[in-house]
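Coordinates in review
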Amino acid sequence: GMGVLLQCLTQCPRLEELSFENNYLKPEMVPPLVKAVRRMVSLTSLNLANNNNLGFSAAKLLLQMVKTNKRIVDLDLDGTGIVPATKDLIYKHLAENASSAQYWASLNASGSPTKKSANGAHVPTPPKSQPAASARPQASGSPVETEKTQNTEAEEDDLEPKESKYPGYKDPPDADALQKTVQDNAGTNLGLRESVKGGESRTISLHAQLIERNRNNYTQLVQRHDGVDGQMNNFDEEYTTPGVYHGYTAEQLIKEVNLSLSEADLVQFGEKYGVGTEKVDRLLDIPPMLEEMGRLDTVPGRAEVLEDKIKMCTFLDPHYLSSEMTLQSYRLVHSRLIDPKYVFMNIRDLEDEKADLMEQRENWNHQRDHALATGAIGVGEGYHMMSLDTQEKLFKLMVKRVNILKDMKGQQHLSKEAQVILEKSAVMLEECRNETQATISRVEEDIKKVEAELVVRQKAFDDTKREFEMTQLMTRERIAENVRKQNEIFDGIGIRFQELEKLGEEHQKEVEEYLKERAKFDDAESLLREFEDVLAIHKHNLSCISVVAEKTTSITDDFAKYFASTPGSIQKKAEYCWKETEKMTKDEQIQTLTVFEKYMLDIGELLYKKEKRVTEIERMRRNNTFSVEMCTEVLDPNAAKYEEQGKEMDYQKEQMEDKVQALRERADAACEIFQEIEDALNEMGYKFVHPKILMAEIMVDGTAHIMERKRQIYETEQQYIDADDEDLGQSVSQLEVAKMSQSFRDLPRLSTPNTNSPKKGVSFAKKQGNLVFD
């Protein structure tokens, strides 16, 4: 191959011309060719014509070759694809090399060594480049290179980011290791730089000697120039980076790029989200477990196990608290209130109590009827109240049975608890979602900023690099121009030594300026590399936060979805329970209506009698008041007795009014309890007359009956009043006659009854029975 050929050619010390025309050379073949040409001490002509794939990279190496290797005076580049401008620059340097060769030919007369050209002319042999031994590259595989490789690998290992205390995070690069690497590189670079400076210093020293030694030292000066050129070539080839340590940190990155997240924020997010890949991946196990817990066939033991597993998969507080509420929701869905098996069992448990209450009701009613039939009104009233108390218990028991069957209250209670859990979890999960989204937003904002900053810094570095490369090229051009001028000066060396000294100083300044520019470039490159390292780790950490935050957002939505489905599950379970208990519930509701109707009728019967009893007491109290007022006029000595009777009537009235109010409140409370059953009966289309209406009908009929009796009494009283009015009229007429006649004999005898009185033959109705219980 090409490598073997070039190795053989380097063993030909007298080879002056070399041609690779039409050999399909590729750009990657040029570097070993240039390196080999450097070792061919007699080569002056190289032909690369008609290798049309060489391009810019090859042109750059060939330009460097003709600038540093003054022996090459002929280079054919026709048909190589190299642009004309670059060709012109290469040909310029070839012309300079040719002029230098002619100069050496002019020195041949003074004893300098020469060689014969192809046309027989004597061509001077330029001195070999003698770069400093310390700057020479070691042969591949040598002990020095092996040791350097091992040290480099160790340094690279030191620069690898260590495992963070937060799994998934990366800590900044080890500053100590990076500083050690920079110190080692700085030492190497310092040696290279000192080598260049030393060569330049020796050159300047030689300038001073040239003033004294004149032309005899010119050969050594040229050799020194070539040595400096070789050292500078070696300097560029072996210069290592980074050679400057800036100590760039994440804190600087945050401050310079004006990032939203501070170091404290990153620590906080690291503690919150930096839980490691294993824990984050466990979040994906939560949705299927929530789905299983939401199924109606999941048993309680399995639900408790699922709750524990969900807790183990969470690492955020809202998710952990939500996992605790999942079991609460499960228990609401699987409550016994909407489980047909437990509903039927609870109904059976109430059968005996129902039968006992119905038997007690019939017993109290029988004893009440017997007491009233025997005239024991007070005892009968007491039995009536006991019957009402028993019927109230029976009615509430029937309502309880209906509620158990239809779950009028239970489902609402469960749905209310589920709604409370839903609202509580919704607020908590919404806060978690908002916080996570805010974190993601801030992270994404910072990622965009650091990426934009990297682009800006990379562009700035690229500009610096182009400026350095231009400076490098121009410096080399100026150095070459300097050498060319020095050579020209030696044509009139006697009168231009001072100018030569000045140019030597300029040469030294250019070398020093070049070293400074290299240091500036190294500083910029080192800063960029540190920035890139810190930015890469920072971006990685931000990405970790973003990925974990997105996964936690997904799990937050899964929890919210589970809690939102709980009310629907309760409704579905309740509908299934209602389907199983619908017929029994309707039967119970009808039976409850029967019990309620009997209860209300008994309340109504007692209520209207007690109300009319209050009315009767009021009437008797009015008569009592009249009797007290008339005692003085009629000389009745029982006024005190009548007053005591009045107070007793007032007490009885107050007691009776309290009982009437208690009965009314009992009836109203029963109607409110019956309201839900009434709605259910109407919904199923069952026709019935509300017991309150029937009770009102009984009360109206009873009141009408009593009013009829009162009307009869009032009519009798009216007859009595009418008779008194007639007696009074007769007495007034007799008095007027007596006054006119002035004779008392016109008045009837006091001991003689008035046989014409209208009261004669009037019979008053005898009071029979009791107005309250008739």
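This text gives an overview of the structure that appears in the document. Small disclaimer: the values here were computed from a predicted structure and weren't measured.

Calculation rules
- Residues numbered from 1 in each chain as written.
- Predicted model: local features only at pLDDT ≥ 70, side-chain atom pairs only at ≥ 80, totals over all residues.
- Heavy atoms only, no water.
- Core = buried A, V, L, I, M, F, W, Y, C linked by side-chain atoms within 4.5 Å.
- Buried < 20%, exposed > 50% of the residue type's maximum accessible area, 1.4 Å probe, protein only.
- Helix = DSSP H or I, 4+ residues; strand = E, 2+ residues; numbered from the N terminus.
- Contact = heavy atoms within 4.5 Å.
- Arc of directions from axis to C-beta.
- Lys, Arg positive; Asp, Glu negative; His and termini not counted.
- Salt bridge = Lys/Arg side-chain N within 4 Å of Asp/Glu carboxyl O.
- 1 Å grid on protein atoms, 1.4 Å probe; cavity = no way out; pocket = protein on both sides within 12 Å on 5 of 7 lines; lining within 4 Å.
- Points joined across faces, edges and corners; volume = space filled by probe spheres on them.
- Nonpolar A, V, L, I, M, F, W, Y, C, P; charged D, E, K, R; others polar.

Further remarks concern the nonpolar core. Within the largest apolar cluster, 89 residues are counted, with the highest numbers of intra-cluster contacts made by Leu253, Ile286, Phe395, Phe559, Phe563 and Phe596. The leading source of residues in this core is helix α18 (residues 497–634), at 24 residues. What Leu253 contacts, discounting residues up to four positions off in sequence, is Tyr248, Asn258, Leu259, Val450, Phe531, Val534, Leu535 and His538. Core analysis: the next-biggest nonpolar cluster, separate from the first, contains 28 residues, Leu9, Leu18, Leu48 and Val66 among them.

With that out of the way, let us pick up helix α1 (residues 2–9). Those residues of α1 that sit buried are Met2, Leu6 and Leu9. The buried residues of α1 occupy an angular sector of 60° when the element is viewed end-on, so they sit on one face. Away from the buried face of α1 by more than 90 degrees, exposed residues Gly3, Val4 and Gln7 are located. Those residues of α1 that are buried lie in contact with β1 (17–19) and α2 (30–39).

The next subject is the side chain of Asp522. Along the polypeptide, Asp522 turns up in helix α18. Buried charged residue Asp522 carries no salt bridge. Nearest counter-charge: Arg518, at 5.4 Å. Setting aside anything within four residues of it in sequence, one finds Asp522 in contact with Asn189, Tyr239, Thr241, Pro242, Gly243 and Val244.

With that out of the way, let us pick up empty space enclosed by the protein. In this structure the tally under the stated criterion is three cavities of 30 Å³ or more. Reported here for the largest cavity is a volume of approximately 60 Å³. Elements with a contribution of two residues or more to the lining of the largest cavity: α13 (317–333) and α18. Ranked by residue count, the leading element in the lining of the largest cavity is α18, at four residues. Considered class by class, the residues forming the lining of the largest cavity number four nonpolar, five polar and no charged.

This next bit is on the pattern of salt bridges. Considering all chains together, one arrives at 41 salt bridges under this definition. For Glu324, the salt bridge identified is with Lys311, shortest N-O distance 4.0 Å. Placement of Glu324 in helix α13 and of Lys311 in helix α12 (residues 300–313) is noted, with a sequence separation of 13 residues between them. By relative accessible area, which is 29% here, Glu324 ends up partly exposed. Within this structure, Asp389, Glu392, Lys396 and Arg666 form a network of salt bridges that share partners.

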